[in-house]
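Listed here are the chains, written in short residue letters.
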Amino acid sequence: MNDYIVSTECPTCSAPLDFSEGTNAVQCGHCRSKLLVTGRKQVLSYFIPPKIDHYRAIAAAMQAQQEQCSECRVIRPQIYFIPYYRLIGNDFRWEQALRIPVKPDIEYSQPGGYGPIYEWEYEDNKIDFGAIFRQAGDFIDIIFGRKCGPGGTIIDTQENMSGKTTDPLIFREIGADRSEDAEPAKVQLADRYIEKNFIACNLHGEGLYSLGLRPAVLRLELFQKSALEPLGKVVNTDIGINEAMGSSMKDAAMQPLLFRSVIGRILSIIYFPFWVIEMECHGNCISTIVDAVSQSVVKLDAPPSIYSILNQAQQSESTIVGFRPLCCPNCGWDLPLRPDDTIFFCSSCARAWQIYGSDLTEVPYEIAQIEGMNGQSRYLPFWVLVAQSGGEHLTFYIPAFRFRRLKMLADLAINITRNKPVYSICGDQKQEVKEMQGCFYDAEDAFLLAQFIQAGITSQTAIDMKTFNKNDLTLQGATLIGFPFKVNGFNLVDPFTGNTIPQSLLL
Ligand SMILES: [Zn+2]
Ligand SMILES: [Zn+2]
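Residues numbered from 1 in each chain as written. Chains lettered and ligands numbered in written order. Predicted model: local features only at pLDDT ≥ 70, side-chain atom pairs only at ≥ 80, totals over all residues. Heavy atoms only, no water.

So, on to the coordination of the zinc ion (ligand 1). In this structure, C10 (SG), C13 (SG), C28 (SG) and C31 (SG) serve as the protein donors to the zinc ion (ligand 1), at separations of 2.3 Å. Classification of the site at the zinc ion (ligand 1) rests on its four donor atoms, whose angles at the metal span 109 to 111°, yielding the label tetrahedral. (Donors = N, O, S within 2.8 Å, 3.2 Å for Na, K, Ca; no water. Tetrahedral: all angles 85-135°; square planar, octahedral: opposite > 155°, others 65-115°.)

Moving on, we come to the state of the cysteines. For the structure on display, the rule yields one disulfide. Each sulfur of the disulfide joining C72 and C281 lies 1.9 Å from the other. With C72 in strand 6 (residues 72-96) and C281 in strand 11 (residues 257-281), this pair connects stretches of sequence that are 209 residues apart. Of the two residues, C72 and C281, neither departs from the other in class, the shared state being buried. (Disulfide = S-S within 2.5 Å. Helix = DSSP H or I, 4+ residues; strand = E, 2+ residues; numbered from the N terminus. Buried < 20%, exposed > 50% of the residue type's maximum accessible area, 1.4 Å probe, protein only.)

Once that is clear, we can look at the coordination of the zinc ion (ligand 2). Taken together, the protein ligands of the zinc ion (ligand 2) are C328 (SG), C331 (SG), C346 (SG) and C349 (SG), with distances of 2.2 to 2.3 Å. Here the zinc ion (ligand 2) binds four donor atoms, and the angle range of 103 to 116° at the metal identifies the geometry as tetrahedral. Counting the intervening residues between successive donors of the zinc ion (ligand 2) yields the motif C-x2-C-x14-C-x2-C. Taken as a pair, C328 in the loop between strand 14 (322-325) and strand 15 (343-345) and C349 in the loop between strand 15 and strand 16 (352-356) lie far apart in primary sequence, 21 residues in all. Among the residues examined, C328 registers a relative accessible area of 2% and is labelled buried. Of the residues examined, C349 reaches a relative accessible area of 15% and is grouped as buried.

With antiparallel pairing, three strands are arranged side by side in an open sheet as 15-16-17. In this open sheet, the two strands that pair with only one neighbour each are strand 15 and strand 17 (359-363). Going across the sheet, the axis of each strand differs from the next one's by a mean of 35°, ignoring polarity. Alignment of strand 15 against strand 16, held across three bridges, turns out to be antiparallel. Counterpart to F344 in the pairing with strand 16 is W353. (Pairing = 2+ DSSP bridges. Axes fitted to C-alpha atoms, helices over the stretch in contact; angles between N-to-C directions.)

This part takes up the pairing of strand 13 (residues 297-302). By the bridge criterion, three bridges tie strand 12 (residues 284-291) to strand 13 in an arrangement that is antiparallel. Across the sheet, V290 pairs through a bridge with V297, a residue of strand 13. Between strand 12 and strand 13, which pair antiparallel and follow one another directly, the connecting turn spans five residues, one of which, Q295, has a positive phi of 70°.

It is worth spelling out the pairing of strand 17 at this point. Summarising the sheet, strand 16 and strand 17 pair through five bridges and their orientation is antiparallel. Looking at the pairing, I355 lines up with L360 of strand 17. Where strand 16 folds back on strand 17, the antiparallel hairpin that results is connected by two residues, among which G357 adopts a positive phi of roughly 60°.

Turning next to the nonpolar core. Residues W94, W383, L385 and I398 are the most contacted members of the largest nonpolar core, which totals 69 residues. Here this core takes nine residues from helix 8 (residues 443-458), the largest share from any one element. Setting aside residues no more than four positions away along its own chain, I398 makes contact with F382, W383, L385, A413, A446, L449, A450 and I453. (Core = buried A, V, L, I, M, F, W, Y, C linked by side-chain atoms within 4.5 Å. Contact = heavy atoms within 4.5 Å.)

Take the environment of K225 next. Here K225 shows up in helix 4 (residues 225-228). The class for K225 is partly exposed, based on a relative accessible area of 33%. When the C-alpha atoms of K225 and F47 are compared, they prove to be 9.7 Å apart, with 178 residues separating the residues in sequence.

Strand order in the open sheet formed by three strands is 3-4-14, and the pairing between neighbours is antiparallel. Each edge of the open sheet carries a strand with a single partner, namely strand 3 (25-27) and strand 14. On average, each strand axis in the sheet is inclined to that of its neighbour by 35°, with strand direction left out of account. Judged from the three bridges that link them, strand 3 and strand 4 (residues 34-38) form a sheet pairing that is antiparallel. Note on strand 4: the bridge partner recorded for V26 is L35.

With that out of the way, let us pick up the packing of aromatic side chains. All chains considered together, the criterion is met by 20 aromatic pairs. For the pair Y397 and F483, a centre-to-centre distance of 6.2 Å together with 50° between the ring planes defines the contact as tilted. Of this pair, Y397 sits in strand 20 (residues 392-399) while F483 sits in strand 22 (residues 473-488); the two residues are 86 residues apart in sequence, bridging distant segments of the chain. Taken together, the ring pairs in this structure connect F382, Y397, F401, F403, Y423, F483, F485 and F496 into an aromatic cluster. Above the plane of the ring of Y4 lies R86, whose end atom (NZ or CZ) is 3.5 Å from the centre. Here the guanidinium or amino end of R402 rests over the ring plane of F440, the centre of that ring lying 4.8 Å away. (Phe/Tyr/Trp six-rings, centres within 6.5 Å; stacked < 30°, edge-to-face > 60°. Lys NZ or Arg CZ within 6 Å of the ring centre and 35° of its normal.)

On inspection of all chains with the given rule, the structure shows 19 salt bridges. Across the pair D18 and R219 runs a salt bridge whose closest N-O atoms are separated by 2.0 Å. Taken as a pair, D18 in strand 2 (residues 16-20) and R219 in strand 9 (residues 218-222) lie far apart in primary sequence, 201 residues in all. Owing to a relative accessible area of 36%, D18 belongs among the partly exposed residues under this scheme. What makes R219 partly exposed here is its relative accessible area of 37%. One salt bridge connects R40 with D442, and the closest N-O pair in it is separated by 3.0 Å. On the criterion of sequence distance, the pair formed by R40 in the loop between strand 4 and strand 5 (44-47) and D442 in the loop between strand 21 (424-426) and helix 8 is long-range, its members being 402 residues apart. We classify D442 as buried; its relative accessible area is 1%. Connected via shared salt-bridge partners are R40, K41, R265, D442, E444 and D445. (Salt bridge = Lys/Arg side-chain N within 4 Å of Asp/Glu carboxyl O.)

Printed below as a string of structure tokens:
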């Protein structure tokens, strides 16, 4: 994955403060303040400052024109900040198994290594990203809707869900019809970390579609219109995320993808600088577009019509990250400095807090006690989801912690859910559980993963999975519970199934 660094200032001492994209907790290297980075699950805006001036941009443009033997005269150079959507997330996929044997996953046998990193393939045409993020908001509102019943379980009412059923799953029907095969195709689980940038205004044909691969680390600064306007023009985001994603689907390779969930998503808008150099060439007016970071020419002869898009005034309001002290809102104790966590456990007053907009909101949680367990254990947080499917009540056990191997995480969820575990809740031992792993996935992510594993549990073949309807599953309650995993050397033993997971893959 490309490294994107957010570059800003410490709100306490104003020293430069840099952190990786998606970081939720950071410490200032200068004044040592521990800070919570707010804005998670909101679409945050950043910009990248230009690195080359107009002399170098013109030089690059003139050289490119001369290589084409064009005699040109520069009329006017101008910087434009062009918006890009950037999406990263964990992609869980059910795919139709290939009939041809494939090489075993080499990476799988290397604990400690990151999973394979793929570019996003444009295989989806049913993604409604706008709805995903809207509904994610609705979902969080439901979860925090102060409808907490006894024991911290969040009760959902029918009228709450009807009309705006949470439908944030990314779903696509099977692409290729393989019905000529006699034996029904099997289903296999695949996982990937996804990362994609794509243009957020109507300039697809101008060589600007993607930010592409860049050798250097990109430094993102927090978007502030007033800081950018003296440098250049900010281009309006005039296409929705769905249209932006869909625009390059025509050449999509058809993959035997049956069902997918993308969780732990971060969507942002990045304004990238380009020099647009208006030129006169053989009596025609053209524009040469130069990347204002790398100095490469991305388009030699854009037509004058691009200005109608470039010069649209920016309409939408932008949201940027904020900071607040990384401490417990109840007792003031420092929360653990775990950059990727979205729910933090206070080791002093034993409360859990989730980043919600610019606030920390308390999340009720429980600690499980399991008959016959002894020895050293480590507590891992799970979302226990109660859902209904056609009159049947189902319970799902979804890991809330981050784990490097996505496939192992899904397997853990499937195995424990199938196992229908038995445990009791211990009332007042929270204070004694000092080491609870933080949470990376929130309840919304957990519900998406529950839909995903339900698709896998109920489908033997690819044909079964095609008939699976995620909307048949209605969420009724979500409870966060810490389960004790027995420490066995480098491994942790799942108390319900006896399967082990390597501790080194916990993040
Ligand atoms: Zn500081
Ligand atoms: Zn506290």
